Amino acid sequence: MHTPDGVVAVLQYLMPAVQRISDRLERMAVANDLAGYVGVDRGLVLDSFRKAVAERQEKSFERPRIELRADERMLLNALLVVPEIGGEILPELRSIEAIARFPSHRIFQAVFALDAAEGG
């Protein structure tokens, strides 16, 4: 901590922990204490916060949307909204191998598992 590289290393190590503090006032108080402990200007620590926030915003990405076919969407809606339908069609659906290739196959697997757990 007696060299500029050491100060940078300490700040880089501790900043993520300080940034996880949810309360803004508490986070600023801890940042002030950290600046005093490391022996740097409070403004430098706050600048590091601002840069980290800017980088986080740049790194944010939009989750890819999976488009479901209309028939697949209707089938899922029917199974999830009207549970009585499941008793009639789940045995048939389990035998359809094409469901494994649906974008929503994990949802179908969960529905099948829930039905099996309930003794269906």
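Treat the numbers as computed from the prediction; the structure is a model and nothing was measured.

J.: Before we go on, may I ask you to explain a nonpolar patch on the surface in this structure?
T.: Together, Leu80, Val81, Val82 and Ile107 give the surface a local cluster of nonpolar side chains, amounting to about 350 Å² of exposed area. Classification of Val81 by relative accessible area gives exposed; the value is 61%.

J.: What is the right way to look at helix 4 (residues 70-81) in this model?
T.: Because an α-helix packs 3.6 residues into every turn, residues spaced three or four apart end up facing the same way. Between its first and last C-alpha atoms helix 4 spans 16 Å; for 12 residues at 1.5 Å apiece the expected length is 16 Å, and the two agree. If you check which residues of helix 4 are buried, you get Glu72, Leu76 and Leu79. Within helix 4, the buried residues cover an arc of 65° as seen down the axis, which keeps them to one side. The exposed residues of helix 4 that point more than 90 degrees off its buried face are Met74 and Val81. Contact partners of the buried residues in helix 4: helix 5 (83-94) and helix 6 (105-117).

J.: Could you clarify how one ought to interpret the layout of surface pockets in this entry?
T.: Picture a little ball the size of a water molecule; that probe, rolled over the atoms, points out where space is still empty. Considered as a void within the structure, the largest pocket measures approximately 330 Å³ in volume. If you trace the largest pocket, you find 14 residues lining it, with Leu11, Gln12, Leu44, Ser48 and Lys51 closest to the centre. Contributing elements (two or more residues each) for the lining of the largest pocket: helix 1 (4-19) and helix 3 (42-59). Examining the composition of the lining of the largest pocket, we find that 7 residues originate from one element, helix 3, more than from any other. Looking at side-chain class alone, the lining of the largest pocket contains 8 nonpolar, 3 polar and 3 charged residues. Considered as a void within the structure, the second largest pocket measures approximately 220 Å³ in volume. Forming the boundary of the second largest pocket are Leu79, Leu80, Pro83, Gly86, Gly87, Leu90, Val111, Leu114, Asp115 and Glu118.

Calculation criteria
- Residues numbered from 1 in each chain as written.
- Predicted model: local features only at pLDDT ≥ 70, side-chain atom pairs only at ≥ 80, totals over all residues.
- Heavy atoms only, no water.
- Patch = residues over 30% accessible without salt bridge, like charges linked within 9 Å, V, L, I, M, F, W, Y side chains within 5 Å.
- Areas by Shrake-Rupley, 256 points an atom, 1.4 Å probe, with all protein chains shown as cover.
- Salt bridge = Lys/Arg side-chain N within 4 Å of Asp/Glu carboxyl O.
- Buried < 20%, exposed > 50% of the residue type's maximum accessible area, 1.4 Å probe, protein only.
- Helix = DSSP H or I, 4+ residues; strand = E, 2+ residues; numbered from the N terminus.
- Expected span 1.5 Å × (residues − 1).
- Arc of directions from axis to C-beta.
- Contact = heavy atoms within 4.5 Å.
- 1 Å grid on protein atoms, 1.4 Å probe; cavity = no way out; pocket = protein on both sides within 12 Å on 5 of 7 lines; lining within 4 Å.
- Points joined across faces, edges and corners; volume = space filled by probe spheres on them.
- Nonpolar A, V, L, I, M, F, W, Y, C, P; charged D, E, K, R; others polar.

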